[in-house]
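Commentary on secondary and tertiary structure
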Amino acid sequence: MESANTLRQGGECKGGVLAYLERLEAQMNRSSRKSEELTVHTKESSQRTKIHELRRQRDKLRAEVKRRQARIKASLDNEDPNRTVELSEQEDLARQWGNVKDILQAYRFTGLSGKLTSRGVCVCISTAFEGNLLDSYFVDLVMEKPLRIHHHSIPVFIPLERIATEYLQTDIQRFLFSLCEYLNAYSGRKYQTDQLETDFSAFLTGPLQRNALCNLLSFTYKVDQGHQTFSFSATLLYEDLTAALPTGVTVMCPGAETSSARWEEHRASHEMLFRTKPLHQVFASFSKQVEILDLSLVS
Amino acid sequence: MDENVAEFIRRSILKIPLCEMKTILKAWNFLSEDQLQTINFRQRKEFLAQEVILMCEEKCARLDDMALLDIVYTQVHRHRKLWNVFEMSKEPGEDVDLFDMKWFQCSFKKILQRALRNVTVSFRVDGKNAVWIRIAWGTQYSQPNQYKPTFVVYYPQTPYAFISSCHLKSNVPLLHQALKVASKHHQIVQMDLRSRHLDSLKAIVFREYDQTFESHNSTVPLQEGNLGLDMNLDSNIIHENLEEKERIHRVTQETFGAHPQPQLEFAQYKLETKFKSGISGGILADRKEPLRCLIKFSSPHLLEALKSLAPAGIADAPLSPLLTCIANKKMNYFKIRDK
């Protein structure tokens, strides 16, 4: 109060200037304190907001992390069915491919199959006789005009050149079928002859005469019928090279005891058998007869 | 036992190398198993021969047995003979060949014996598909010379026969006649194919040398592409003419195939062509007569050598068709004339 009065009265008193300065200082202090407080306030408030912001962000991030973890877990559970779908597709394709390969390989059993080559086609003729798969023969054809055979595995005594000059250029189907005929017949004859030599050699009394085409066979054999042993000599001619059964059969009874009717009966029946049934089957029936007789003797 | 037979057997035994002695005597099938067991195969050949002769004496070996031993020896040593290839042909439309080995042998022998009184003919069936025939030639007045026989290898029901060189040329037509008639053919022609390797000749003539076929059933994958080219082992090395090498390799494979080549020792080209030269006024130019020239290629394995010419860089690929057609055309003697 006194200081204010002093100011109004003139202010030239010492107390007056000093006081005035004091008053200014105080004023200044007050205002600076105020501004300090203000900055503190603003600082405080800005810091508070920052804290809020950061907390918010933290919560957001935490939530995100949780969500992602949950998603990973979920996707891990989900991904397995996805992966098995892909795998099964692959397996499916592999199985299909294997199937196709097997089918192509199995075509061999139809007797006539082939594979494309860089220059044409390689035809495979698989021969068979009575359900037994026998040798396979190949003809490698070059697709050019004129069609020609590059190389082959056909035995040299099969008339390949003759069949080729007749049919190869004009009717390839006929060429292949004709070749199949010859080869199957040859394989069949060879099979019968081999069977006779191996499985029924006990019936043969001498060496089996055969030739490369197996189209002329000559042998002597014996058959036991009861107490008697009948021995014969047989010659089989296969003049038709596309057939596996003989065109001409001659069965003869060597020896002196040939005039009896029983011999003649057997001779004729054997001739008929050789003409109508494959060679090894005829001998199989002989061995069955012997077995039947043996059984009847035992019983 | 005839002393000539004994002498021949003795000389045959001395010819046979000791390592083959047992197998050949076994294949001969004249001495029994027990007799073979008693022979000491480690002694000197002269004593071994004497032992065998004694056994043959006991068994009374005859001319036919001696001839059979000669056939067995020749079968094992077939490369000692030069084989010529003959092709027979029938008239078109003839009956199917019902070949009967017994009838063939009988017929062949008869024809020779009717013409020449003194001739020794022997047969040996090799497997099911070939018959070896040995013929020792004599004359009306002299005994057959057993030391210079001719051998024939005939494959029945095929047109081919392989005949060793006959030293008496006058007997050749008779031999051909006998073979023709006995095998029921009308013509016999000599092919321009000769070699010491009988099996290779057979492979060429029967086209058996290429036996690789593509099929869905084959387990061996076809080795195409860089077969034999060991390139690119180090990625830092680039072969400058890789393309050219691959081209050569491809062309060689196409001409010769990927299979092993049959073995021949020579190819002979007889040229009767006019000499062609860019340089005019040379000694050989402008001759009206053709130049006669004989070119002979020799090798232990001629076709493999020819196959390796281009890959080795010695010749350009593709090779001349005159060189590559040998197996295909079944010829190794060529006569080349101007067209």
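Residues numbered from 1 in each chain as written. Chains lettered and ligands numbered in written order. Predicted model: local features only at pLDDT ≥ 70, side-chain atom pairs only at ≥ 80, totals over all residues. Heavy atoms only, no water.

1. Digging into the interface of chain B and chain A
Each partner contributes residues to the interface: chain B has 22 residues there, and chain A has 28 residues. At the boundary of chain B with chain A, total buried surface from both sides reaches about 2400 Å², with 60% on carbon and sulfur atoms. Together, B:F213, B:E214 and B:H216 form the three largest contributors to the area buried by chain B at its contact with chain A, with a combined 30%. For the interface between chain B and chain A, the tally reads one salt bridge. For B:E214, the salt bridge goes to A:K115, with nearest N and O atoms at 3.5 Å. Looking at the side of chain B that touches chain A residue by residue, the class counts come to seven nonpolar, eight polar and seven charged. (Contact = heavy atoms within 4.5 Å. Buried area = accessible area lost by both parts, 1.4 Å probe. Salt bridge = Lys/Arg side-chain N within 4 Å of Asp/Glu carboxyl O. Nonpolar A, V, L, I, M, F, W, Y, C, P; charged D, E, K, R; others polar.)

2. Quick notes on the environment of A:E25
Here A:E25 lies in helix 2 (residues 14–106). Between the C-alpha atoms of A:E25 and A:Q192, which are 167 residues apart in sequence, the distance is 139 Å. (Helix = DSSP H or I, 4+ residues; strand = E, 2+ residues; numbered from the N terminus.)

3. A few points about the domain arrangement of chain A
All names here are of chain A. By domain assignment, chain A separates into domain 1 (112–187) and domain 2 (189–297). Computed over C-alpha atoms, the centres of domain 1 and domain 2 are 33 Å apart. Surface buried jointly by domain 1 and domain 2 totals about 1200 Å² across both partners, of which 63% is contributed by carbon and sulfur atoms. Looking only at domain 1, the three residues that lose the most surface to domain 2 are F129, A185 and Y186, adding up to 43% of its buried area. Connecting domain 1 to domain 2 are one salt bridge. (Domains from an automatic or database assignment.)

4. A look at a nonpolar patch on the surface
All names here are of chain A. Judged by side-chain polarity, V17, L18, Y20, L21 and L24 come together as a nonpolar surface patch covering roughly 460 Å² of accessible area. Along the chain, the position of L24 falls in helix 2. According to the relative accessible area criterion, L24 is partly exposed, its value standing at 35%. (Patch = residues over 30% accessible without salt bridge, like charges linked within 9 Å, V, L, I, M, F, W, Y side chains within 5 Å. Areas by Shrake-Rupley, 256 points an atom, 1.4 Å probe, with all protein chains shown as cover. Buried < 20%, exposed > 50% of the residue type's maximum accessible area, 1.4 Å probe, protein only.)

5. What to know about the pairing of strand 4 (residues 150–154) of chain B
Residues and elements named next belong to chain B. Counted residue by residue, strand 4 has five buried out of five residues, so it is predominantly covered. Residues T150, V152 and Y154 line one face of strand 4 and the alternating positions F151 and V153 line the opposite face, and both faces are buried. Here five bridges tie strand 3 (residues 130–137) to strand 4, and the two strands are oriented antiparallel to one another. Each bridged residue has a counterpart across the sheet, and for R134 the counterpart in strand 4 is F151. With three bridges joining them, strand 4 and strand 5 (residues 160–164) adopt antiparallel strand pairing. Across the sheet, residue V152 finds its bridge partner in strand 5, namely I163. Where strand 4 folds back on strand 5, the antiparallel hairpin that results is connected by five residues, among which Q157 adopts a positive phi of roughly 65 degrees. (Pairing = 2+ DSSP bridges.)

6. Quick word on the pattern of salt bridges
This model, assessed by the stated rule, comprises 26 salt bridges over all chains. For B:R78, the salt bridge is made with B:D199, and the minimal N-O distance between the two is 2.9 Å. Taken together, the positions of B:R78 in the loop between helix 5 (63–76) and strand 1 (83–89) and B:D199 in helix 8 (residues 198–205) put the pair 121 residues apart, joining distant regions of the chain. Salt bridges linked by common partners bring A:E264, A:R267, A:E271 and A:R275 together as one network.

7. Considerations on the pairing of strand 4 (residues 148–152) of chain A
All names here are of chain A. When strand 3 (residues 132–142) meets strand 4, the two strands line up antiparallel, connected through four bridges. The partner of V142 across the bridge, within strand 4, is R148. Hairpin connection from strand 3 to strand 4: five residues lie between these consecutive antiparallel strands.

8. Some details on the sheet that holds strand 6 (residues 228–237) of chain A
Sheet strands pair by backbone hydrogen bonding; their relative direction is either parallel or antiparallel. All names here are of chain A. Judged by pairing direction, the sheet is antiparallel, and its three strands sit side by side in the order 5-6-7 without closing on themselves. Whereas interior strands pair on both sides, the edge strands pair on one side only; in this sheet they are strand 5 (216–225) and strand 7 (248–252). In this sheet, neighbouring strand axes are inclined to one another by 25 degrees on average, regardless of whether the strands run parallel or antiparallel. Sheet topology note: the strand 5/strand 6 ladder contains 10 bridges and is antiparallel. Bridging across to strand 6, L217 finds its partner in L236. Contacting strand 5, strand 6 and strand 7, helix 5 (residues 261–276) crosses the sheet at an angle of about 40 degrees to strand 6. (Axes fitted to C-alpha atoms, helices over the stretch in contact; angles between N-to-C directions.)

9. What about the packing of helix 6 (residues 101–115) of chain B against helix 7 (residues 172–182) of chain B?
Residues and elements named next belong to chain B. Taken N-terminus to C-terminus, the directions of helix 6 and helix 7 make an angle of 150 degrees; their axes are 9 Å apart at the nearest point. Classified by the angle their axes make, helix 6 and helix 7 are roughly antiparallel. Note on packing geometry: the crossing formed by helix 6 with helix 7 is right-handed. Contact residues: W103, F104, S107, F108, I111, L112 and A115 in helix 6; L174, L175, A178, L179, V181 and A182 in helix 7. Its residues placed into classes, the contact of helix 6 with helix 7 shows 12 nonpolar, one polar and no charged. (Parallel < 35°, antiparallel > 145°, perpendicular 65-115°, else oblique. Left-handed = near helix turned anticlockwise from the far one by under 90°.)

10. Observations concerning the sheet that holds strand 4 of chain B
Residues and elements named next belong to chain B. An order of 2-3-4-5-1-6 is seen for the six strands of this open sheet, with the pairing classed as antiparallel. Of all the strands in the sheet, the pair left with one neighbour each is strand 2 (119–126) and strand 6 (187–195). For this sheet the average axis-to-axis angle between neighbouring strands, irrespective of direction, equals 25 degrees. Of the strands in this sheet, strand 1, strand 3, strand 4, strand 5 and strand 6 are in contact with helix 8, which crosses strand 6 at around 120 degrees.

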